[in-house]
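Structural characterization, general
Here's the letter readout for the chains.
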Amino acid sequence: MNLEAVTSSVLTALIKSSFTSVAQHASSAAKSAWAKIFADFSPYMTETFNRNRYVKILSQKDRDEYIYNIYVNSTFKNNNENVKEIKLLERINEGRNAIIVGNGGAGKTFFMRHLWLNIFTTNSRIIPIFIELRRLNEHKDFNLNKFICETISRGKLEIDIFEHFCNQGSFIFIFDGFDELSTDHKDTLQSQLLSFKSRFDQCTFVVSSRYDERFSGWQGFEIYESMPFNFNQVKSLIKKVPFERNAKALFSKQLTKDFYEEHSDFLSNPLLAIMMMMTFRENMEIPKRMNIFYDQAFNTLYQWHDSTKAYKRDKYLDIVEFQNSFSTFCLITYFDQKIEFTRSELISSIRQSSEINGISIPPEDILKDYKDAVNLMKQEGLLYTFIHRSFQEYFTALALTRLPRQQFGAAMKRIAGRRNDNVIMMTYEMNKALVLKEYIGELISLCRTASFFESNLSNFEYLEKTGVIYIIGIVRHDDQSQLQSLRLDMDPHIRDFLHFSLRLLDGNKYLYAGLEYNYLFTSDILQSFGKLCDGIDTPVQEVRKFSFRFVSGKLVISDYETGNLIQGFSATAEKELLDRISECAQIFRDAIGGFELRWNSEVSTVDSQTKTLEEILKLTE
């Protein structure tokens, strides 16, 4: 079906068919109640259909593009299995729950939109519900059930009717952008979402996000990693995307297999591949570092916006003023974890940025530069957001490097917990010495003072010293307890030390495969937790959480909510779990020790370079 050509009457028929099919086997009372909300449900489906079939694309700012004019099928990885997109769609249609993970710009949201359209047009027995999770950030009571009902029926769908059809397995819930939730809300949503899934296990759930270690403990979900685009996929993408014909032809000619291999870090990411095509016309070269790449992309957007037209739109800010204004705006909003704005919120943040930079131009005019002239912001209905979050990250990193030294360390501490973006990595690329001296050096000192690098402790004493806690969620189904979720906690300094070591020393871009879960959590440990928890009394279909920590070298288990100790476990199961944890703890300690040595070398190198510069410039006696 050509979805671009679907008329309103055909769309209404599709919605009605899906709506009535879902109610087919319901009781007469439920059918009657369900029918009453159709008039309100239909606008939601119409709006979602139109929003998903048309998308904004960086290389074309004047109009949206039909998604299938530019869509390129993705490939995914589940454990060690490569899974084609069509196979993943089949699995989801069969009722398998999935988490779609990948870096920024990997095409996760495009896939989620494609998934919704595919189910809506081919599977009339189930209704796809598309939920943009970032909109929950502004929801006052942060109630997932209520938010879903308000989203699909503007608040007129009664909870009991909604839950009745959830119990029938009538919906597939497509939750886009778990990573776009504010940090304060992620644990709450995780708990609500897993509880919701447990109660309505006849429904299907799909979640998209950047890499997040917590997904390792989501039982009943299969994790699918969006794989980097290969050479043929990139060629297909460049051929499809709208751009000035001669410039695209020149780039396509340059795009050989050798060129792809040389620049695969950029070209294997769909967003960066499009940006590379746009910047290549201006620069005819590709930088090695990400921060330089984004700088070139910004310069291209600033100069390019009207280059193919007969007129040139006036800008209110010159390129330096724009860079100062937008980078400060990004830093303010990044600190506040804001990626979506009402017009008044946007104007307020621009005004703050102007006050800091001494810019007197009205914020309403600056917004025109942000949105219309340079195309770094976009409007969706009444809300505004970044053309892509990676631009917020780049300009935030730029603003950080311009902070006074005495403020830089405090700023780094404030954002150290952000583990799923590239701000820290680009800041390090821009000014390695600043990051090392004003943050990493202090972090190493704090870890050393806390004895996190000591070698004369037992494995369990070390876990106690670093504050490691396993937090396990248990739910009961049919008189049998099952693991529902697993989360690791530890001292924030050792967590940050490991995070920055993996990102900055090893260049680990795929955090899902990198953080502390790689060392302290394995499938064997999960199985051992399951055996130990078989006898725990838990309420039916309600998640109960337990904490596993180490005190005086011994395992202590307690109720996570009340703190009450839990006893009476199988000694055999407990020993098996402890053996597994001890093995992992040793690997974890070895990694920490190795990173300490490497950081010491980095700090020494920067110190020697700084002293040499001082001597050359005769800044010291």
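1. Points about the side chain of S501
Among the structural elements, S501 can be located in helix α24 (residues 492-505). Polar contacts involving the side chain of S501 include one to the main-chain carbonyl oxygen of F497, which spans 2.6 Å. Among all residues touching S501, those that are not within four sequence positions of it are D506, F595 and W599.

2. Observations concerning the packing of aromatic side chains
The final tally for this structure, using the stated rule, is 52 aromatic pairs. Between the aromatic rings of Y68 and Y71, the centroid separation amounts to 6.0 Å while the plane-to-plane angle is 75°, which identifies the pairing as edge-to-face. Considering the side-chain rings of F322 and F326, the 5.7 Å spacing of their centres and the 20° angle between planes classify their relative orientation as stacked. Here F326 and F322 lie together in helix α16 (residues 319-335), a separation of four residues that amounts to about one turn. For F326, a relative accessible area of 0% gives the class buried. Across from the ring centre of Y302, 4.3 Å away, lies the NZ or CZ of K315, which sits over that ring.

3. Thoughts on the state of the cysteines
Here a disulfide denotes one covalent bond, and it connects the sulfur atoms of two cysteines. Scanning all chains against the criterion turns up zero disulfides. Note on C149: no disulfide assigned, nearest cysteine sulfur contributed by C166 at a separation of 7.6 Å. C149 sits in the buried class, given a relative accessible area of 3%. Among the residues examined, C166 registers a relative accessible area of 0% and is labelled buried.

4. Re unusual backbone geometry
Look at Q337: it is not a glycine, yet its phi comes out positive at around 55°. The phi dihedral of S552 falls on the positive side, at around 55°, and the residue is not glycine. Inspection of the secondary structure assignment puts S552 in the loop between β15 (544-551) and β16 (554-559). Accessibility expressed as a relative area gives 62% for S552, which makes it exposed.

Conventions and cut-offs
- Residues numbered from 1 in each chain as written.
- Predicted model: local features only at pLDDT ≥ 70, side-chain atom pairs only at ≥ 80, totals over all residues.
- Heavy atoms only, no water.
- Helix = DSSP H or I, 4+ residues; strand = E, 2+ residues; numbered from the N terminus.
- Polar contact = N/O pair within 3.5 Å; in protein donor to acceptor, adjacent residues only side chain to side chain.
- Contact = heavy atoms within 4.5 Å.
- Phe/Tyr/Trp six-rings, centres within 6.5 Å; stacked < 30°, edge-to-face > 60°.
- Buried < 20%, exposed > 50% of the residue type's maximum accessible area, 1.4 Å probe, protein only.
- Lys NZ or Arg CZ within 6 Å of the ring centre and 35° of its normal.
- Disulfide = S-S within 2.5 Å.

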